[in-house]
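Per-entry structural report
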Amino acid sequence: MKLHIVSACLLGSCCRYNGGSNESMEVKEFLKNKSYIAVCPEVLGGLETPRSPAEIMEGKVINKEGKDVTEAFQKGAELAYEVALKEADKNGESIESAILKARSPSCGSGKIYDGTFQGKLVSGNGFFVRLLKENGIHVISEESLMKR
């Protein structure tokens, strides 16, 4: 089997910045009879839930109060990848893909918010997505999965 990495919020975990989830029945249906691991890089990086929203601006992750939280996002990306690698190794699997939350500063793939907190999107990837892509892992958003 092959392992899929999934944003924990898409499976109903209340780890979003506002304390909620982004539960997706489509993602849950896709994962039936598949091997997967749910991760939240932001929580793994030490950020609390709920927490101030954050966006990437000029290569750094800044929360709405203006605090630089880049280190937590970088640490969380690294830890989430490490957890996924360990799970794959434990099960004798390889990582097939990652299904991650669209537009997130951790998990956004292709489009992320521009750092102004105005809802504007720009081309780019979240910190976790960058790390996964650097390691050859195919990443899609839950929105792309639903369009299939």
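On inspection of all chains with the given rule, the structure shows 8 salt bridges. Of the charged contacts in the structure, one is a salt bridge between E23 and K28, with a shortest N-O distance of 2.3 Å. Given the relative accessible area of 28%, K28 is considered partly exposed. As a salt-bridge pair, E143 and R103 come within 2.8 Å of each other at their nearest N and O atoms. Here R103 lies in the loop between β5 (94-100) and β6 (111-113) and E143 lies in helix α5 (residues 142-147), a separation of 40 residues in the sequence. Residue classification places E143 among the partly exposed residues on the basis of a relative accessible area of 27%.

Counting buried residues along strand β1 (residues 2-7), 5 of its 6 residues qualify, which places the element largely inside the surrounding structure. Pairing of β1 with strand β2 (residues 35-39), which is carried by 5 bridges, proceeds in the parallel orientation. The residue of β2 that forms the bridge with L3 is S35. The β-α-β motif built from β1, the intervening helix α1 (residues 25-31) and the parallel element β2 has right-handed crossover chirality.

This part takes up the environment of E65. Within the secondary structure, E65 sits in the loop between β4 (60-63) and α3 (70-91). The spatial distance from the C-alpha of E65 to the C-alpha of S52 is 7.4 Å, given a sequence separation of 13 residues.

Orientation of α3 relative to helix α4 (residues 127-134), taken along the N-to-C sense of each, is 45°, at an axis distance of 8 Å. Classified by the angle between their axes, α3 and α4 sit oblique to one another. Pair α3 / α4 crosses with right-handed handedness. Between α3, through T70, F73, Q74, A77, E78, A80 and Y81, and α4, the contact on the second element is made entirely by F127, F128, L131 and L132. Broken down by class, the residue content of the contact of α3 with α4 amounts to 8 nonpolar, 2 polar and 1 charged.

To continue, consider the pairing of strand β3 (residues 54-57). Pairing geometry for β3 and β4, over 4 bridges, is antiparallel. Its bridge partner lying in β4, I56 is registered against V61. Counted along the chain from β3 to the antiparallel partner β4, the turn is 2 residues long, and its residue E58 has a positive phi close to 55°.

Inspection of the entire model under this criterion finds 0 aromatic pairs. One Lys or Arg, R130, reaches over the ring of F127 and ends 4.5 Å from the middle of that ring.

Definitions and limits used
Within any chain, residue numbers begin from 1 and follow the written order of that chain's sequence. Under the rules for a predicted model, residues below a pLDDT of 70 receive no local features and side-chain atom pairs below 80 are neither given nor counted, while totals for whole chains, interfaces and linings still include all residues. Computation of side-chain values: all heavy atoms of the structure, hydrogens and water removed. What counts as a salt bridge is simple: a side-chain nitrogen of Lys or Arg found within 4 Å of a carboxyl oxygen of Asp or Glu. Three labels apply to residues, based on accessible area from a 1.4 Å probe with only protein chains included: buried if under 20% of the type maximum, exposed if over 50%, partly exposed otherwise in between. For the purposes of this entry, the term helix denotes a DSSP run of H or I that reaches at least four residues, the term strand denotes a run of E that reaches at least two, and both are numbered from the N terminus. In this scheme, strands are said to pair when DSSP sees at least two bridges between them. Seen with its strands pointing away from the viewer, a crossover is right-handed if its path from the first strand over the helix to the second goes clockwise. Axis geometry follows a simple rule: fit a line to the C-alpha atoms, using only the stretch in contact for helices, then measure angles between N-to-C directions, giving values from 0 to 180 degrees. When an angle is under 35 degrees it counts as roughly parallel; over 145 it counts as roughly antiparallel; between 65 and 115 it counts as roughly perpendicular; any other value is oblique. Two helices that cross are described as forming a left-handed crossing if the nearer one is turned anticlockwise from the farther one by less than a right angle, and a right-handed crossing if clockwise. The contact criterion used is simple: two residues touch if any of their non-hydrogen atoms lie within 4.5 Å. Residue classes follow a fixed rule: Ala, Val, Leu, Ile, Met, Phe, Trp, Tyr, Cys and Pro count as nonpolar, while Asp, Glu, Lys and Arg count as charged, and any other residue, Gly among them, counts as polar. Each Phe, Tyr or Trp ring (for Trp, its six-membered ring) is paired with any other whose centre lies within 6.5 Å, and the angle between the two planes then decides the class: stacked below 30 degrees, edge-to-face above 60, tilted in between. Look at NZ for Lys and CZ for Arg. If either is within 6 Å of the ring centre and within 35 degrees of the ring normal, a charge sits over the ring.

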